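# Structural overview
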Amino acid sequence: MNLHASEFRGVGVDAGAPAADGFLKTTVPRPHPIRRRAILAAHPEVAQLVGYDPLTGVITAAVVALQVAIAAYMGSLGLGHWWVALIIAFCVGAFANHAMFVVIHDACHNAIFKGPVWNKWAGILADLPNGVPTAMGFRYYHIKHHSHLGDYDYDADLPSHWEARTFGHSWYGKATWMFFFAAFQLARLGRLRGTVPMWGRWTFINAACVILFDVAILLAFGPNALLYLLASFWFSVGGLHPLGARWVQEHFTDDPAQETFDYYGPLNFVALNIGYHNEHHDFPDIPWRRLPELKRMAPEFYNGLKTHKSWAGLLVKFIFDPAYTLYTRVDRSAANKPAAAKAGE
């Protein structure tokens, strides 16, 4: 069966409950495994893209070194120049930390080095400039995001109902939600079901490494240096920064026939191709540098899909367009319930 992009736009979402009253309900399976099989059948050579990319480790070391150098300079200015630290964090540090978050993301899929242990260390290295330990926690719940996409009980990427009801409908509520996105994401973890091993040896190793790094930065360069790193982290995942719109780009939908969206704009250069999100969900085991090649090798599966042209424009649209709420997401909990029940038998 030769399924191309036009067919796949209708695979993901049913016309379900209105977004104002709840998530868009669907009983159909995830579209990405279906498209993966179809792509491999049509283009077997795509399998050659699967693997790992050690160059990501080199990029990680370079960006971490850059962030330390900038933090050192911010520290030399003193805490009286806290406003300079915030401006540089918004204009420069956010992009650096966001790139490191994409490294953490690839490390989750063991797409940097051969073997999970070295990938975990790569994720921890990338996590150092964040000032907050996130790599191992993200590693554990992100895999559930792929295997249970859109399942409220297992996918931490879906907003919680209290988030959607409290912040999801007004422009000022959505702006607040975008600013505090990191905190909201963390708050969702308590609702997840299943065996998500959030607390384990690697979680504590991650926390110890980041805390020791923070102490070293503070003692060596002063509080303004640490402020710069923490602000870089905050702006990289939210803080009303245009980069935060990529969380909207990925799975918020303004079209009931499509569930996952791409961004092919120039910011992918500094965001390590995170905008290629359909491609990533279809092949999470392909490293970020090869995702554009996947699109070139199988254009008929991607060229017909809707995309977003600008993260900055999407951020403004999401906040001020009443058609977007925190409920404009697909919930396929009903589709996964039979499989979950069978697994529990």
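Values in this document were obtained by computation on a predicted structure and should not be read as measured data.

Quick notes on the rules
Residues numbered from 1 in each chain as written. Predicted model: local features only at pLDDT ≥ 70, side-chain atom pairs only at ≥ 80, totals over all residues. Heavy atoms only, no water. Phe/Tyr/Trp six-rings, centres within 6.5 Å; stacked < 30°, edge-to-face > 60°. Helix = DSSP H or I, 4+ residues; strand = E, 2+ residues; numbered from the N terminus. Lys NZ or Arg CZ within 6 Å of the ring centre and 35° of its normal. Polar contact = N/O pair within 3.5 Å; in protein donor to acceptor, adjacent residues only side chain to side chain. Contact = heavy atoms within 4.5 Å. Expected span 1.5 Å × (residues − 1). Buried < 20%, exposed > 50% of the residue type's maximum accessible area, 1.4 Å probe, protein only. Arc of directions from axis to C-beta. 1 Å grid on protein atoms, 1.4 Å probe; cavity = no way out; pocket = protein on both sides within 12 Å on 5 of 7 lines; lining within 4 Å. Points joined across faces, edges and corners; volume = space filled by probe spheres on them. Nonpolar A, V, L, I, M, F, W, Y, C, P; charged D, E, K, R; others polar. Core = buried A, V, L, I, M, F, W, Y, C linked by side-chain atoms within 4.5 Å.

## As for the packing of aromatic side chains
As enumerated under the stated definition, the model contains 22 aromatic pairs in all. Arranged with centres 5.7 Å apart and planes meeting at 20°, the rings of Trp 171 and Phe 320 form a pair that is stacked. Highlighted residues: Trp 171 in helix α8 (residues 171–179) and Phe 320 in helix α15 (residues 311–320), separated in sequence by 149 residues. Members of the aromatic cluster, connected to one another through ring pairs, are Phe 101, Phe 138, Tyr 141, Trp 177, Phe 181, Trp 247, Phe 252, Phe 318 and Tyr 324. It is Arg 329 that lies over the ring of Phe 252; its NZ or CZ is 5.2 Å from the centre.

## A closer look at the side chain of Arg 329
Here Arg 329 is to be found in the loop between α15 and β4 (330–331). Looking at Arg 329, its side chain comes within polar contact range of the main-chain oxygen of His 251, at 3.3 Å. Leave out the neighbours within four places in its chain, and Arg 329 touches Phe 23, Leu 24, Asp 155, Asp 157, Leu 158, Pro 159, His 251 and Phe 252.

## What about helix α2 (residues 31–42)?
With 12 residues, α2 should reach 16 Å at 1.5 Å per residue; the first-to-last C-alpha distance of 17 Å fits that figure. Buried within α2 we find Pro 31, His 32, Arg 35, Ala 38 and Ile 39. Along the axis of α2, the buried residues cluster in a sector spanning 125°; they form a single face. Turned more than 90 degrees away from the buried face of α2 sit Arg 37 and Ala 41, all of them exposed.

## Description of the layout of surface pockets
The volume enclosed by the largest pocket comes to roughly 560 Å³. Lining the largest pocket are 24 residues, and of these Val 132, Pro 133, Thr 134, Leu 186 and Leu 189 lie nearest its centre. Looking at the lining of the largest pocket, the elements with two or more residues in it are α6 (135–147), α9 (181–187), α10 (201–221) and α11 (223–237). When grouped by side-chain class, the residues that make up the lining of the largest pocket number 19 nonpolar, 5 polar and no charged.

## Notes on the nonpolar core
In terms of nonpolar packing, the biggest core is built from 71 residues, with Trp 177, Tyr 228 and Phe 318 touching the most fellow members. Among the elements that line this core, the one with the most residues is helix α4 (residues 82–108), at 13 residues. Apart from the residues lying within four places of it in its own chain, the contact partners of Trp 177 are Pro 159, Glu 163, Phe 167, Phe 184, Arg 188, Phe 252, Phe 318 and Leu 326. Within the second largest apolar cluster, 14 residues are counted, among which are Ala 38, Met 297, Phe 301 and Tyr 302.

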